[in-house]
Amino acid sequence: TKMFGARDKLATAEQAHEAAEANVLPMRVNVRFADHESDECIKQRKRTAQLADGETEGPYVLHLFPNGTTPLTRPVGAAQIKEMRALEGRYDALLDRWPDAMAEKNIVTTLRQRYEQSLAERAAAEQTVIDTKAARDLAKEDFLDVYAEIANRIRSLFPRNKPKQDLFFDAVTNRARS
């Protein structure tokens, strides 16, 4: 029964690890969508500022996007979050001049928060994979220790009887099954 307990513990740990690995992919996809959505939002915020200015390079656009949208849309992950926070600060500076600045800032803030949430969920899922792998590896070591202990007991019970030892530890091959 000790062998079955170790085997079951290993199987459970392996299933948990496989489930954790399967959970990472949707989290990665969520981050990609959040990045794409944020990029599109930033481009739309520039178009909105251009409409408010009445020209493509007016004072609102130059204040909010002094180097264009590329420094905001090219980074990914934490770097883009940092740039989005800076954009929110530039919107704050326009609150007295532009009536729509707060509404535009709120849109950026909402998407930044979604992006941060997606990044946090992905990081948590990746940490779960690391944790379940460690638990699986430990269960595997325990199983191998139990297996070795049982094998040594059987060898000590039947020290000169190799055929009897082999009955307990049969090699699994197609020939052995027939």
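This text gives an overview of the structure that appears in the document. Values in this document were obtained by computation on a predicted structure and should not be read as measured data.

1. Overview of the overall build of the chain
Counting its regular elements, the chain contains seven helices and zero strands. The linear arrangement of helices and strands in the chain, starting from the amino end, is α-α-α-α-α-α-α. Since a compact globule built from 178 residues should have a radius of gyration of about 16 Å, the 30 Å found for the chain marks it as more spread out than a globular shape. C-alpha atoms of the chain, sized along the principal axes, occupy 95 × 30 × 20 Å. Within the chain, the fraction of its 178 residues that count as buried is 32%. Just so you have it, the chain exposes about 11600 Å², and 54% of that area is on carbon and sulfur atoms. In the chain, the 28 positive side-chain charges and the 28 negative ones have mean positions that sit 9 Å from each other.

2. Focus on the packing of helix 1 (residues 2-53) against helix 4 (residues 78-93)
Axis separation between helix 1 and helix 4 bottoms out at 12 Å; the angle between their running directions is 30 degrees. Classified by the interaxial angle, the pair formed by helix 1 and helix 4 is roughly parallel. Crossing of helix 1 over helix 4 shows left-handed handedness. Seen from helix 1, the contacting residues are Asp35, Ser38, Asp39, Ile42 and Arg45; seen from helix 4, they are Gln80, Met84 and Tyr91. In terms of residue class, the contact of helix 1 with helix 4 is made up of three nonpolar, two polar and three charged.

3. A look at a nonpolar patch on the surface
On the surface, Leu25, Val29 and Phe33 cluster together into a nonpolar patch covering about 320 Å² of accessible area. Mapped onto the elements, Val29 comes out in helix 1.

4. Section: the packing of helix 4 against helix 5 (residues 101-157)
Relative orientation of the contacting elements helix 4 and helix 5 amounts to 160 degrees, with a least axis distance of 9 Å. As summarised for this structure, helix 4 and helix 5 are arranged roughly antiparallel, according to the angle between their axes. Note on packing geometry: the crossing formed by helix 4 with helix 5 is left-handed. Where helix 4 approaches helix 5, its residues Ala78, Gln80, Ile81, Met84, Arg85, Leu87, Glu88, Tyr91 and Asp92 are matched on the opposing element by Ala101, Glu104, Lys105, Val108, Thr109, Leu111, Arg112, Tyr115, Glu116 and Leu119. Looking at the contact of helix 4 with helix 5 residue by residue, the class counts come to 10 nonpolar, two polar and seven charged.

5. A word on the nonpolar core
If you look at the biggest cluster of nonpolar residues, it comprises 21 residues, and the most contacted ones within it are Leu64, Phe65, Leu87, Tyr91, Trp98 and Tyr115. The set of elements that each furnish at least two residues to this core consists of helix 1, helix 2 (59-64), helix 4 and helix 5. Residues contacting Phe65, with those up to four places away along its chain left out, are Ile42, Arg45, Lys46, Leu72, Leu87 and Tyr91. Membership of the second largest hydrophobic core comes to five residues, among which are Ala20, Val24, Ala125 and Val129.

6. Some points on the side chain of Ser38
Structurally, the position occupied by Ser38 is in helix 1. On the accessibility criterion, Ser38 (0% relative accessible area) is buried. Aside from chain neighbours lying at most four places away, what touches Ser38 is Gln80, Met84, Leu111 and Tyr115.

Reading the values: rules and limits
The residue count restarts for each chain, going from 1 along the sequence in the order it is written. Given that this is a predicted model, residues contribute local features only at a pLDDT of at least 70 and side-chain atom pairs are listed and counted only at 80 or more, while totals for whole chains, interfaces and linings are drawn from all residues. Note: side-chain values were computed over all heavy atoms of the structure, leaving out hydrogens and water. Comment: elements are numbered from the N terminus, with helices defined as DSSP H or I runs of at least four residues and strands as E runs of at least two. As defined in this context, the radius of gyration uses C-alpha atoms, and a globule is described by 2.2 Å times the residue total to the power 0.38. Only protein chains enter the accessibility calculation, which uses a 1.4 Å probe; a residue is then buried when its area is under 20% of its type maximum, exposed when over 50%, and partly exposed in between. Each accessible area is a Shrake-Rupley estimate made with a 1.4 Å probe; only the visible protein chains count as cover when residues are assessed. A positive count includes Lys and Arg, and a negative count includes Asp and Glu. His and the chain ends are not counted in either. All charge positions are set by atom: Lys at NZ, Arg at CZ, Asp at CG, Glu at CD. To define axes, lines are fitted to C-alpha atoms, for helices over the stretch in contact only, and angles between the resulting N-to-C directions are given on a 0 to 180 degree scale. Orientation is classified from the angle alone, with under 35 degrees giving roughly parallel, over 145 giving roughly antiparallel, 65 to 115 giving roughly perpendicular, and any other angle giving oblique. Should the near helix be turned counterclockwise from the far one by less than a right angle, the crossing is left-handed, whereas a clockwise turn marks it as right-handed. Any two residues whose heavy atoms approach within 4.5 Å are treated as being in contact. Put simply, Ala, Val, Leu, Ile, Met, Phe, Trp, Tyr, Cys and Pro go in the nonpolar bin, Asp, Glu, Lys and Arg in the charged bin, and everything else, Gly too, in the polar bin. Every patch collects residues that have over 30% relative accessible area and no salt bridge, joining them within 9 Å if they carry like charges and within 5 Å if they are nonpolar side chains (Val, Leu, Ile, Met, Phe, Trp, Tyr). When a carboxyl oxygen of Asp or Glu is within 4 Å of a side-chain nitrogen of Lys or Arg, the pair counts as a salt bridge. Only buried residues count toward a nonpolar core, which is a set of Ala, Val, Leu, Ile, Met, Phe, Trp, Tyr and Cys residues joined through side-chain atoms within 4.5 Å.

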